[in-house]
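Secondary and tertiary structure notes
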Amino acid sequence: MALSVPAALAASFDNADSPHTTASFKPTDGRVVIAAYASSSDVVTAVSLAGGGVTTWTQFATVAHGTGTNQRKIWLFRAYQAAYGGAAPATFTTTGVGTSGAWIIFEIYGADTSGTNGAGAIVQSPTNTGTTETTATVTMSAFGDATNNGAFGCVDRRSNAAITEEAGYTEIGEQSATAPGHTLE
């Protein structure tokens, strides 16, 4: 089955401190759901996610970039349920004061739903941070299937300027918090 990603279920930003609450959404039953959240403060040490018709969100990666007061972090969560609950907002709650947050939540059609809470959909999670706002390279292992595979990337940078993806990639969403400025794609 080919992989596809319909439009984002929820995407926005909030320039205030946590908690950050999304618009109401309902994932499609039987699909893996991914949530990407970008925090703007070095003092945020953890993020929890609840709601959105999902019983359990599982954090599977965190990437920090920048240093000191210029540090930003990306927190990634996954969920899988054969039957999701009704439409509802989701709430990101930080440990430590964050000055703004941005989020994009989407579902994947055709993903491997095996393992605990859709773990089979996440085969590898390599990360890298760039030293400039124009370059960063991530090396991935070979895909296990040459025809039915997908790659998901997440970018957060310390400005709220638009990010342009390279040819061959499709943007799921882009959100730019402004206080302080950072863009999640």
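As shown above, the structure is provided for reference.
Residues numbered from 1 in each chain as written. Predicted model: local features only at pLDDT ≥ 70, side-chain atom pairs only at ≥ 80, totals over all residues. Heavy atoms only, no water.

1. A few points about the pattern of salt bridges
One pass over the full model with this rule turns up two salt bridges. The residue Lys26 makes a salt bridge to Asp29 at a minimum N-O spacing of 3.0 Å. Between Glu107 and Arg31 there is a salt bridge, with the nearest N and O atoms lying 2.9 Å from each other. In this pair, Glu107 is assigned in strand β8 (residues 101-108) and Arg31 in the loop between β2 (20-21) and β3 (32-39), connecting sequence segments 76 residues apart. Comparing Glu107 with Arg31, the two get one shared label, buried. (Salt bridge = Lys/Arg side-chain N within 4 Å of Asp/Glu carboxyl O. Helix = DSSP H or I, 4+ residues; strand = E, 2+ residues; numbered from the N terminus. Buried < 20%, exposed > 50% of the residue type's maximum accessible area, 1.4 Å probe, protein only.)

2. Here's the deal with the sheet that holds strand β7 (residues 90-95)
Strand order in the open sheet formed by three strands is β2-β7-β4, and the pairing between neighbours is antiparallel. Each end of this open sheet is capped by a strand with a single partner; those strands are β2 and β4 (46-51). Pairing of β2 with β7, which is carried by two bridges, proceeds in the antiparallel orientation. The residue bridging Thr21 from the neighbouring strand is Thr91, located in β7. (Pairing = 2+ DSSP bridges.)

3. Quick word on the nonpolar core
Membership of the largest hydrophobic core comes to 18 residues, with the highest contact counts inside it found for Ala35, Val47, Leu49, Trp57, Phe77, Phe92 and Ile105. Contributing elements (two or more residues each) for this core: β3, β4, β6 (72-80), β7 and β8. Sequence-distant contacts of Val47, defined by excluding residues within four places in its chain, comprise Tyr37, Gln59, Trp75, Phe77, Phe92, Thr93 and Thr94. Formed by 13 residues, the second largest nonpolar core is a distinct cluster that contains Ala36, Ala102, Ile108 and Leu184. (Core = buried A, V, L, I, M, F, W, Y, C linked by side-chain atoms within 4.5 Å. Contact = heavy atoms within 4.5 Å.)

4. Here's the deal with the packing of aromatic side chains
Counted by the stated rule, this structure contains three aromatic pairs. Here a set of aromatic residues connected by ring pairs shows up, and it is made of Tyr37, Phe77, Phe92 and Trp103. (Phe/Tyr/Trp six-rings, centres within 6.5 Å; stacked < 30°, edge-to-face > 60°.)

5. Details of the sheet that holds β3
Either a parallel or an antiparallel arrangement is found when strands of a sheet pair, and the pairing is made through backbone hydrogen bonds. In space, the five strands of this open sheet follow the order β1-β8-β3-β6-β5, with antiparallel pairing throughout. Taken across any chain shown, the strands that pair with only one partner, and hence form the sheet edges, are β1 (10-14) and β5 (58-65). Strand-to-strand twist in this sheet, taken as the mean axis angle between neighbours without regard to direction, amounts to 15°. (Axes fitted to C-alpha atoms, helices over the stretch in contact; angles between N-to-C directions.)

6. Points about unusual backbone geometry
The phi angle at Asn117 is positive, at roughly 55°, despite the residue not being glycine. Counting through the fold element by element, Asn117 comes out in the loop between β8 and β9 (156-157). Judged by relative accessible area, which is 13%, Asn117 ranks as buried.

7. Some details on the pairing of β3
Burial analysis of β3 places eight of its eight residues in the buried class, the great majority of the element. Because side chains alternate across β3, one face comprises the buried residues Val32, Ile34, Ala36 and Ala38, and the other comprises Val33, Ala35, Tyr37 and Ser39, equally buried. Here eight bridges tie β3 to β6, and the two strands are oriented antiparallel to one another. Directly across from Tyr37, in β6, lies its bridge partner Trp75. Two elements, β3 and β8, share eight bridges in a ladder whose sense is antiparallel. Counterpart to Ser39 in the pairing with β8 is Gly101.

8. Section: the pairing of β8
With eight of its eight residues buried, β8 lies for the most part within the structure. Taking every second residue as pointing to the same face, both faces of β8 are buried, with Gly101, Trp103, Ile105 and Glu107 on one and Ala102, Ile104, Phe106 and Ile108 on the other. Across five bridges, the pairing between β1 and β8 is antiparallel. From the neighbouring strand, Ser12 faces β8, where its bridge partner is Trp103.

9. Regarding the side chain of Arg31
The exposure class of Arg31 is buried, given its relative accessible area of 19%. Arg31 has contacts with Pro6, Ala79, Tyr80, Gln81, Tyr84, Glu107, Ile108 and Tyr109, leaving out every residue within four places of it along the chain.

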